[in-house]
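Commentary on secondary and tertiary structure
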Amino acid sequence: MTVMALASRNPALKGAAALLSLSLLLPACQNPNVGAGGQPLTAEQQAMRQQSQRWNQTAATGALAGAATGAAAAAAFGRGNTGQNALIGAGIGALVGLAAGMAVAERNLGFEKREASASQRIQSAQQIASNLNNTAAASEQVAKQNQQRLAQLDRQYRAGQISAAQYRTQPETMRQDAELMRKTAGEARDARQRLVASSREVPQLMNEEAKIDQAQRRLEAAADDLESALRRVPTG
């Protein structure tokens, strides 16, 4: 039974179901060509976000699957209660749904599927390694481009051509870039650890371990370089 079907039977669930749906839909509604403060994204920034979005879509799918479980838990919690207690039950159910959804996403890497053949699991690992290294390459381009832009802003600031306030507003999208690099590096680290665990069943998976590790290190280095440049932006 879906979240909305349960919500129609239990009015207390409607608010939680609406919030859950909104939280999942908002990323899809965002303009992919615009960053923080309405600043247009460069082609490199768009490419990096498109690569990373493949991982976000997996998490969203899991959250939707887990939401049904969470809504059911909320319905059970709220049964026999009215008013605030029922709303609390609905809220807890929505949170349980999101947590369960992330757990589903955690199990969603193809090379971990025991029902798949060894060749299918190897192919999945190869695709994941390729995707992560493509994201790393895009991140390196973005970091280099942002460092050049920050150096230009620093020169303008020191020459009195822009104020500190103007300087501070420019790098907002760049900070988002750095956060995305860190997030994807963490996901690469997690994927590598899970690959190593799965290699006990399919030893050939270890052929991709070094590639995923390389992607993680490239992403971390790109984030390090960009964050170092961002620290030069005046804070006040």
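Note: the structure precedes this text.
Okay, so let's go over this structure. (Residues numbered from 1 in each chain as written. Predicted model: local features only at pLDDT ≥ 70, side-chain atom pairs only at ≥ 80, totals over all residues. Heavy atoms only, no water.)

Right, let's get into the packing of helix α7 (residues 172–198) against helix α8 (residues 209–230). Their axes nearest at 8 Å, the elements α7 and α8 cross at an angle of 160°. In terms of orientation, α7 lies roughly antiparallel with respect to α8. Here the hand of the crossing between α7 and α8 comes out left-handed. Residues that form the contact of α7 with α8 fall into these classes: 13 nonpolar, two polar and 10 charged. (Axes fitted to C-alpha atoms, helices over the stretch in contact; angles between N-to-C directions. Helix = DSSP H or I, 4+ residues; strand = E, 2+ residues; numbered from the N terminus. Parallel < 35°, antiparallel > 145°, perpendicular 65-115°, else oblique. Left-handed = near helix turned anticlockwise from the far one by under 90°. Nonpolar A, V, L, I, M, F, W, Y, C, P; charged D, E, K, R; others polar.)

Moving on to the environment of Asp213. Note on placement: Asp213 falls in helix α8. Relative accessible area serves as the criterion here: at 17%, Asp213 is assigned to the buried category. Here the alpha-carbon distance between Asp213 and Ala188, two residues 25 residues apart in the chain, equals 7.3 Å. (Buried < 20%, exposed > 50% of the residue type's maximum accessible area, 1.4 Å probe, protein only.)

The next subject is the pattern of salt bridges. Under the defined criterion, the tally for this structure stands at 16 salt bridges. Of the charged contacts, one joins Glu220 and Arg189 as a salt bridge, the two residues approaching to 2.8 Å between their closest N and O atoms. Remark: Arg189 occurs in helix α7 and Glu220 occurs in helix α8; sequence separation between them is 31 residues. A relative accessible area of 22% means that Glu220 is categorised as partly exposed. (Salt bridge = Lys/Arg side-chain N within 4 Å of Asp/Glu carboxyl O.)

Two numbers describe how helix α5 (residues 118–158) lies on α8: the axes approach to 9 Å, and their chain directions differ by 15°. Here α5 lies roughly parallel to α8, going by the angle between them. Crossing angle aside, the handedness with which α5 passes α8 is left-handed.

Throughout the structure, instances matching the rule amount to one aromatic pair. Between the aromatic rings of Tyr157 and Tyr167, the centroid separation amounts to 5.4 Å while the plane-to-plane angle is 55°, which identifies the pairing as tilted. With a gap of 10 residues between them, Tyr157 in helix α5 and Tyr167 in helix α6 (residues 164–169) connect regions that are remote in the sequence. The class for Tyr157 is partly exposed, based on a relative accessible area of 30%. Looking at Tyr167, the relative accessible area reads 1%, which means it is buried. (Phe/Tyr/Trp six-rings, centres within 6.5 Å; stacked < 30°, edge-to-face > 60°.)

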